[in-house]
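Each chain, written out:
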Amino acid sequence: MKKDITLFFCLILCAFYTINTEAQYVSNGPYTTLKARILHEETQKPIPFVNVGFIGKGIGSVTNEQGYFELTYRTDKIKKSDVIQFSMIGFKTKKTPIGAINSLLSSKNIITLTPELYNLEEIVLGDKKIKNTTIGNSKIDTEKFGYWKNELGLGGEIASKIRIKKKRTQLKSLNVNVLENLSDSIRVRVNVYDIDPIFRIPKNNILNTAIYHTISRKSGVERIPLSTYKIFVDTDVIVSIELIEIYGDRIGFAVAGSGNKKPSYTRSISQDYWKSHMKDAMAFTMDASYPLEKGAKEILDRPIPEAVTIFWDASAKAKNRNLYAEIELIERYLKTFKNIDVTVRKFAFGYIESKEFSVTNGKPDAVIDFLENTNYEGTSDYTAVTETISKKLGYTLIFTDGYTFFSDLEPVFNNTTFTISSAKNVNKEILEEVALYTDGLYLDLTTFSPKKALEYLLKDLSTVTEEAAESTVKIAGSITSEIGFLEGARIGVQGSFNEVISDSSGTFEIYAQEGDELEIRFPGMKTKKVQATASTKMRITLETEGSWLEEVVLEAARKEEEKVATASGKKNTDAVGFKTNIITEEDISPSFLTLGDILRRLSSIRVERDPITGEEIYVNPRTMSITQQVLPIVVVNGIVYEQVDGGVPPLNPQDIVSVEVITSLSASGLYGTLGRGGSIIVETKSGTDYYAQKNKREEVPSALIEGNDYVADDVAVLDTTLNKPFYLIQLEKATTLEEAINTYNTYKNTSLEDPIVFYTDVATYFKKWDRNTALRILSNLPETVSGDIEVLKLMAYHLESFKEDQLANTLYKKILEFAPDRIQSYRDLAVSHQQVGNYQEAFELYKQILANETAALDFSPLKKTAEFEIMRLLTFHKSKVSFQDVSNELLAVGFKKDRRLVFEWTNPQADFQIQFVNPTGKYFTWEHSVYANQERLKDGLSKGYSIEEFALDDAPPGEWIINVQYLGEDNVQPPSYLKYTLYLNYATSQETKEVKLIKLFQQKGKTTVGTLTLN
């Protein structure tokens, strides 16, 4: 997603002054003041607007129209050896260490500057035709701007690079787009600099005459005439405006930035160092002209390079590239030069290989052979894509698609750079940005043949005329099934991280290209893939999993009927096919005064206040349609009330037997369209059967007393050495790294039954041989199944198991970038930030989760987890975070949890159960399946979380057993993994942590994954 960047050029630290002709160079307390006047050495006339300042210190000023200046600075900030400089166009620059300043001052505190004579080359155009043109950065982006906000900016400059393509180009005017001017007017000086060939920043001012201009315009384009100054240039320049005088009581002056991905520059004060802004050009344009030679070509050849550097992406994404076309382009290009030095650098995640070549007589065979013998493995990482400083004229060619999960491709090159790709799916924005920053080009080999692309490498063409790329369009539709419209279905574009959730009426909108494949997932329904169509509204019907229907029937036969009040009388909840959130009278506190007090205990309902009447409003956060919010109905003893105009009668919480909240859309059939926002079902004691039901309930035996005795028959103990796949058995026979790699390549090049499992197994095996090899193999995961957040999470889990916490942190940042609608992305990154010492960043994420005020997100399922983890953070690292705005409860001294178990799983739709067996042989089972807890699966899928935690603080002593069993299908992709974390003495100095990463999909029988002895 393209992100807008706001550019602030805050030009500070320059102090204006009060004229005092008798002053001198004096120190007063912690400050030193230099007051003097600068005169023309020959005429003894004052020189206005001379730049005065310490080189690179951010302390400076300019003289006024009478030549006076005053400079005050902290004495302890400037050493006697620091150099003060006086410079002005048309005069020789003077500079001296401040300790020797008295050598420049006369008895009357006067400094003189010597005029500098220029021998100007006469420009004779004769009767040659002149072509007028406009050059510079014409694309305006008002979200970017440079500004001076007060008089402290005097002497500061805002500059932008202007590309010059024709020799003897005359600069006739500078045009700047004024966004704001709060002063009466300001006076600026125009400067034109050549460019430092190494650092690519302004170097020497090429003007021989000072150019001043007063800007009174409040907004719009300000044209600064330059024709009379006869400024002719042959190469690129950097043009600046410098603030030298303010008229009026205040200043607030801003000029527009540009959407062009080219650099701009600022310096805060006279004589300060330049600061580069790599991607944020200013919207400076120039009216210019150049002579047309008779018979001269309008399109010029690019300068012949002495050296070429080729960066070659060696990741597994090669399968998406036309390598033949890319290599053909390189071969054609190198053959055009008789002799040239070539450096090839292959790169991928965990891999760099460089080799240098000297191509003679236009024969690049060795270079081509090196490229053709590339081992493509893993994902991309641009850490190695950096510039090599050289005095030779060189070009850079980068062959990649621009995508990465780790170090990004940055515009760091100063020599002309071309980005080239033959892949259909590319990060075009970054490829263009990197190339255009250096006046290079992005070449799309799906549009151009190698022969045509060669022209752009050899000719100085400013734009590439491409065929219009397919643009994304809005795809709209609805998701339905045999039980009605489906709320909370996840719709994603295959091969990307672009996903949306269907709303309470089953509708969705997503941007995709016509013909893209959409994947639709919903718990209890078969995953479906369809082609996107924009011409008509799509209606996608999901089929119910057959096994789910059978299980629901079996469960219903085993259970005692549970009734729920509906618009058509009481019905069996199992037959209806929904799950509810329920609070019974035992949970209702005597302090509760309203129905809202009860509902606040449920995460599925949010209680708000009508801003006008002050009445309570009960909101289902998940029933946000595209156009409006739909409120749930309130059903009291079978009577339906809508939340409009005070339609819900006042209820006494102490008279309430139970409150059930139905958020599932599948239950809306109970109440027709009235129930599309969910329903709140209230049973009161005034109901006719209350006391009879109460007596009946008291007769029901507790599940803790009987019926849950643990039987250990057919329970396996987790053993990763059993059932090894054949490829691991063969790998373990290897006696050297080379032998192991050969075995790996043999199996990698076969048809893999499950590549996700293969790469994680093999990467784990290679840790003992070579860490970089293991990491590169592991990084195949996101290239195996592209656009899958679950796969990225699995890779992050493995990176953590490899003790690569910094890499895991980078990946968690990407996961949040790709999936900002998944609430667990925020929590996972917070945990990772703690692991690498980014405590404040972790703290901010936890506060965001607990505040639960982020638009379109409901963090309530993570509240308990976030509270535990932020309290641990404060226990260990309180001094490293800004904790002043958190509640006292979170700052509680002595917080600890004796035992904390956290389970996380990669696939939010995974069916499994966790069983806890206590020392007396009683068990408790928590099941995550569409059969037992469909509402939980829907909530996890739509909100984006797959985590559950358990505390055993009050558990009886003895040995506890923790079992896991996978209940899902065999062919679910990607396969489900379970991350099991056990903390002992949590949040204390004796804290220990045990982490296991379990192949959940393999635990088809009940498996003991851990035991815990409590004292």
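Remember, predicted model here, so these are calculated numbers, not experimental data.

(A) Structural view of the pairing of strand β24 (residues 339-348). With 7 of its 10 residues buried, β24 lies for the most part within the structure. Here strand β23 (residues 307-313) runs beside β24; their pairing, made up of 7 bridges, is parallel. In the sheet register, Ile 310 faces β24, and the bridge partner there is Val 344. Chirality of the crossover, the property in question, places the unit of β23, helix α1 (residues 323-335) and β24 among those that are right-handed. Judged from the 10 bridges that link them, β24 and strand β25 (residues 351-360) form a sheet pairing that is antiparallel. Residue Asn 339 lies in a different strand from β25, and its bridge partner there is Thr 360. Once β24 ends, the chain turns through 2 residues before running back antiparallel as β25, passing Gly 350 with a positive phi of about 75°.

(B) Region of the structure containing the sheet that holds strand β45 (residues 679-684). Sheet architecture is open: 5 strands sit in the order β39-β44-β45-β42-β43, paired in mixed fashion. With one partner strand each, in any of the chains shown, β39 (581-584) and β43 (639-641) form the two edges of the open sheet. Between one strand and the next, the sheet's axes are offset by a mean angle of 15°, whatever the strand orientation. When strand β42 (residues 633-636) meets β43, the two strands line up antiparallel, connected through 3 bridges. Among the inter-strand pairings, Val 635 is bridged to a residue of β43, identified as Val 640.

(C) Representation of the pattern of salt bridges. Under the criterion given, the structure shown has 44 salt bridges. Across the pair Lys 847 and Glu 844 runs a salt bridge, and its minimum N-O distance is 3.5 Å. Here Lys 847 and its partner Glu 844 are both found in helix α17 (residues 839-851), 3 residues apart, which amounts to about one turn of the helix. Given a relative accessible area of 38%, Glu 844 falls into the partly exposed group. A salt bridge links Glu 994 to Lys 996; its shortest N-O distance comes to 3.7 Å. Relative accessible area serves as the criterion here: at 35%, Glu 994 is assigned to the partly exposed category. Here Lys 996 falls in the partly exposed class, since its relative accessible area comes to 25%.

(D) Quick peek at the sheet that holds strand β47 (residues 897-905). Strand order in this open sheet of 4 strands is β50-β47-β52-β53, and the pairing throughout is antiparallel. Strands at the two margins of the open sheet, each flanked by one partner only, are β50 (947-951) and β53 (992-998). In this sheet, adjacent strand axes meet at a mean angle of 15° when their direction is disregarded. Bridge count for β47 against strand β52 (residues 978-986) is 8 bridges, and the pairing is antiparallel. Residue pairing across strands places Lys 897 opposite Tyr 986, the latter belonging to β52.

(E) Region of the structure containing helix α15 (residues 805-818). For α15, with 14 residues, the first-to-last C-alpha span of 20 Å sits near the 20 Å given by 1.5 Å per residue. Residues of α15 that are buried: Ala 808, Asn 809, Leu 811, Tyr 812, Lys 814, Ile 815 and Leu 816. On its buried side, α15 packs onto α14 (789-801), α16 (824-835) and β52.

(F) Focus on the packing of aromatic side chains. This structure, assessed with the given rule, holds 34 aromatic pairs. Taking the centre distance of 6.0 Å and the plane angle of 55° together, the rings of Phe 69 and Phe 86 count as tilted. Here the residue Phe 69 occupies a position in strand β5 (residues 68-74), and Phe 86 occupies one in strand β6 (residues 83-87), the gap between them amounting to 17 residues. Judged on exposure class, the residue Phe 69 and its partner Phe 86 are both buried. With 5.3 Å between their ring centres and 50° between their planes, Phe 448 and Tyr 456 make a pair best called tilted. With respect to class, Phe 448 is no different from Tyr 456; both count as buried. Sitting over the face of the ring of Tyr 31, Arg 74 holds its NZ or CZ atom 5.6 Å from the ring centroid. Looking at Arg 187, its charged tip hangs above the ring of Tyr 212, at a distance of 5.0 Å from the centre.

(G) Representation of the packing of α1 against helix α4 (residues 450-458). At a minimum axis separation of 9 Å, α1 and α4 run at an interaxial angle of 45°. By the angle between their directions, the pair α1 and α4 is classed as oblique. Of the two elements, α1 crosses α4, and the hand of that crossing is right-handed. Every residue of α4 that contacts α1 at Ala 325, Glu 328, Leu 329, Arg 332 and Tyr 333 is listed here: Pro 450, Lys 451, Ala 453, Leu 454, Leu 457 and Leu 458. When grouped by side-chain class, the residues that make up the contact of α1 with α4 number 8 nonpolar, no polar and 3 charged.

(H) Main features of helix α18 (residues 863-877). An ideal rise of 1.5 Å per residue puts 21 Å on 15 residues; α18 measures up with 20 Å between its terminal C-alpha atoms. Burial in α18 covers these residues: Thr 865, Ala 866, Phe 868, Glu 869, Ile 870, Met 871, Arg 872, Leu 873, Leu 874 and His 877. The inward-facing, buried residues of α18 contact α16, α17, β47, β50 and β52.

(I) The packing of α16 against α17, seen in detail. The contact between α16 and α17 brings their axes to 8 Å, and the two run at 155°. If you check the angle between α16 and α17, you find them roughly antiparallel. Crossing angle aside, the handedness with which α16 passes α17 is left-handed. Side by side, α16 and α17 meet where Tyr 826, Arg 827, Leu 829, Ala 830, Val 831, His 833 and Gln 834 of the first sit next to Tyr 839, Glu 841, Ala 842, Leu 845, Tyr 846, Gln 848 and Ile 849 of the second. Class assignment of the residues belonging to the contact of α16 with α17 gives a composition of 9 nonpolar, 3 polar and 2 charged.

Criteria and cut-off values
- Per chain, residues are indexed from 1 in the order of the written sequence.
- Per-residue local features are limited, in this predicted model, to residues with pLDDT of at least 70; the limit for side-chain atom pairs, both in listing and counting, is 80 or more; totals at the level of whole chains, interfaces and linings are taken over all residues.
- Side-chain calculation: all heavy atoms of the structure are included, whereas hydrogens and water are not.
- Think of it in three bands: residues with accessible area under 20% of the maximum for their type are buried, residues over 50% are exposed, and the middle band is partly exposed, with areas taken using a 1.4 Å probe on protein chains only.
- Runs of H or I in DSSP of at least four residues are treated as helices and runs of E of at least two as strands, each being numbered from the N terminus.
- By definition, two strands form a pair when at least two bridges between them are found by DSSP.
- Handedness of a crossover is defined as follows: orient the strands so they point away from the viewer, and if the path from the first strand over the helix to the second runs clockwise, the crossover is right-handed.
- In this analysis an axis means a line fitted to C-alpha atoms, helices contributing only their contacting stretch, and an angle means the value between N-to-C directions, from 0 to 180 degrees.
- Salt bridge, as used here, is a side-chain nitrogen of Lys or Arg placed within 4 Å of a carboxyl oxygen of Asp or Glu.
- Residue count minus one, scaled by 1.5 Å, sets the expected span of a helix.
- Contacts between residues were defined by any pair of non-hydrogen atoms, one from each residue, lying within 4.5 Å.
- Any two of the Phe, Tyr and Trp rings considered here, Trp counted by its six-membered ring, make a pair once their centres fall within 6.5 Å; the pair's planes then place it as stacked at under 30 degrees, edge-to-face at over 60, or tilted in between.
- Counting as a charge over the ring demands two things of the Lys NZ or Arg CZ atom: a distance within 6 Å of the ring centre and an angle within 35 degrees of the ring normal.
- An angle below 35 degrees is read as roughly parallel, one above 145 as roughly antiparallel, one from 65 to 115 as roughly perpendicular, and any other as oblique.
- In this scheme, a crossing is called left-handed if the near helix is turned counterclockwise away from the far one by less than a right angle; it is called right-handed if the turn is clockwise.
- Gly falls in the polar group here, along with every residue not listed as nonpolar (Ala, Val, Leu, Ile, Met, Phe, Trp, Tyr, Cys, Pro) or charged (Asp, Glu, Lys, Arg).

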